[in-house]
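# What the coordinates show
So the chains spell out like this:
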Amino acid sequence: MLKVGVLGAGHLGKIHLRLLQQSDKYELVGFYDENQENAERIAKEFGYKNFNTIAKLIHAVDVIDIVTPTLSHYKCAKVAIKSGKHIFIEKPIANTVEEAEEIIALAKEHGVKGQVGHVERFNPAFIATKNMIENPMFIETHRLAEFNPRGTDVPVVLDLMIHDIDAILSVVNSKVKNISASGVSVISETPDIANARIEFENGCVANLTASRISMKNMRKTRFFQKDAYISVDFLEKKCEVVRMKDAPEVPGDFDMILQNAEGVKKQIYFTNPDVEQNNAILDELNSFADAINNDTIPVVTLEQATDALRVAYQIIDCFKK
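Reading the values: the criteria
Residues numbered from 1 in each chain as written. Predicted model: local features only at pLDDT ≥ 70, side-chain atom pairs only at ≥ 80, totals over all residues. Heavy atoms only, no water. Core = buried A, V, L, I, M, F, W, Y, C linked by side-chain atoms within 4.5 Å. Buried < 20%, exposed > 50% of the residue type's maximum accessible area, 1.4 Å probe, protein only. Helix = DSSP H or I, 4+ residues; strand = E, 2+ residues; numbered from the N terminus. Contact = heavy atoms within 4.5 Å. Pairing = 2+ DSSP bridges. Axes fitted to C-alpha atoms, helices over the stretch in contact; angles between N-to-C directions. UniProt positions renumbered as here; feature names shortened; annotations may be inferred. Phe/Tyr/Trp six-rings, centres within 6.5 Å; stacked < 30°, edge-to-face > 60°. Salt bridge = Lys/Arg side-chain N within 4 Å of Asp/Glu carboxyl O.

## Focus: the nonpolar core
In terms of nonpolar packing, the biggest core is built from 93 residues, with Tyr26, Phe31, Ile93, Ile103, Met161 and Ile165 touching the most fellow members. Considering every element that reaches this core, the biggest residue donor is helix α7 (residues 156-171), with 10 residues. When near neighbours in sequence (up to four residues on either side) are disregarded, methionine 161 contacts Val156, Ala194, Asn195, Ala196, Leu208, Thr209, Ala210 and Ile315.

## Some words on the environment of methionine 132
Structurally, methionine 132 is set in the loop between α6 (124-129) and β6 (138-144). Look at methionine 132 and you get partly exposed, because its relative accessible area is 23%. C-alpha separation for the pair methionine 132 and tyrosine 229, spaced 97 residues apart in sequence, amounts to 9.8 Å. Once you skip the residues sitting within four places of it in the chain, methionine 132 turns out to touch Gln225, Ile230, Val241, Arg243 and Pro273.

## As for the sheet that holds strand β4 (residues 86-90)
Read across the open sheet, the 5 strands follow the order β2-β1-β3-β4-β5; overall the sheet is parallel. The open sheet has two free edges, formed respectively by β2 (26-32) and β5 (114-117), since each of these has just one partner strand. Ignoring strand direction, the axes of neighbouring strands in this sheet form an average angle of 20°. Note: strand β1 (residues 2-7) against strand β3 (residues 63-66), 4 bridges, orientation parallel. By the bridge assignment, valine 6 is partnered in β3 with aspartate 65. Along the sheet, helix α1 (residues 11-22) makes contact with β1, β2, β3 and β4, crossing β2 at roughly 150°.

## Focus on the side chain of histidine 16
Position of histidine 16 among the secondary structure elements: in helix α1. Taking relative accessible area as the criterion, histidine 16 reaches 0% and is therefore assigned buried. The residues touching histidine 16, leaving out its near neighbours within four places in the chain, are Asp65, Val67, Phe88, Glu90, Ile281 and Leu285.

## Things to note about the UniProt feature "domain: GFO/IDH/MocA-like oxidoreductase" (unreviewed entry) in the chain
As annotated by UniProt and renumbered to match this structure, "domain: GFO/IDH/MocA-like oxidoreductase" (unreviewed entry) occupies residues 156-217. Between the first and last C-alpha atoms of residues 156-217 the distance is 14 Å; the span itself is 26% helix and 39% strand.

## A short note on the packing of aromatic side chains
One pass over the full model with this rule turns up 5 aromatic pairs. Ring geometry for phenylalanine 46 and tyrosine 48: centres 5.6 Å apart, planes at 15°, overall stacked. Consider the rings of phenylalanine 224 and tyrosine 229, whose centres lie 4.9 Å apart with planes at 35°: the pair is tilted. For phenylalanine 224, a relative accessible area of 29% puts it in the partly exposed group.

## Observations concerning the pattern of salt bridges
Under the definition given, this model contains 13 salt bridges. Measuring nitrogen to oxygen at the nearest pair gives 2.9 Å for the salt bridge that ties lysine 25 to aspartate 290. On the criterion of sequence distance, the pair formed by lysine 25 in the loop between α1 and β2 and aspartate 290 in helix α8 (residues 280-294) is long-range, its members being 265 residues apart. Overall, aspartate 290 belongs to the partly exposed group, its relative accessible area being 29%. Of the charged contacts in the structure, one is a salt bridge between arginine 143 and glutamate 120, with a shortest N-O distance of 2.9 Å.

Here it is as structure tokens:
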């Protein structure tokens, strides 16, 4: 079992603490939170060991789980890596692309592994369909959330849309060619609603919408590819695959048949792949332990998270223009 410590005991940090204590791959040593009043309250309520300095916690563990505000990700990662500790960092990897690239360089220099908490990669609906997504040419995502003051210190692109950016980059095997976007600040100092169009060199186009001022929550992505349409509901953890194949000579009474202008007939059939329910956060943390113990590449690498951050900032730059 790997000894692990958590930096940051806010809303998400408390979830990480609880799950790491449940995990059979980690031994939870303790945590550090800069708000010592909050730290003492959590230690008293849940029994986790509260360290009064970051240095003492880092010295006591093999892995550091960074669940602090984004602004401090780089600083925390730098200290942990230089101490030879593996790092798990909540998304986004850092506040700037330059910071993220330095984290990558430091991890290579000190021979440690890093993984970033792009948790939707572990969403069971995405896992159930990922192997069916082959060369998609059009992707549409909607990630809508009801207003929550937590997270409004950053643009909605870094708060919400980056989940979809990372998922898209993980299935489109091509470089980004062009990005156009628009965003509107409604109640925050930074955009609360945004739309982006990402064009890839292979011709794929992704249209992303993210909002944190919606009346209802929605997290849906649709992938369109040759002879198939795949719908993933990240919120409800459901998925649907619609495929087309050549129509039989004699269709059945209930077969759905489409005929195009050239007279070619196709049969449509629907499937709902089995979705195995899971705890995505626990799975991502456990997968990182496996990567360390087996010396394999983490599911969400520091490089992949940096690519997602780079695209996110290209989108934000479009707002400024």
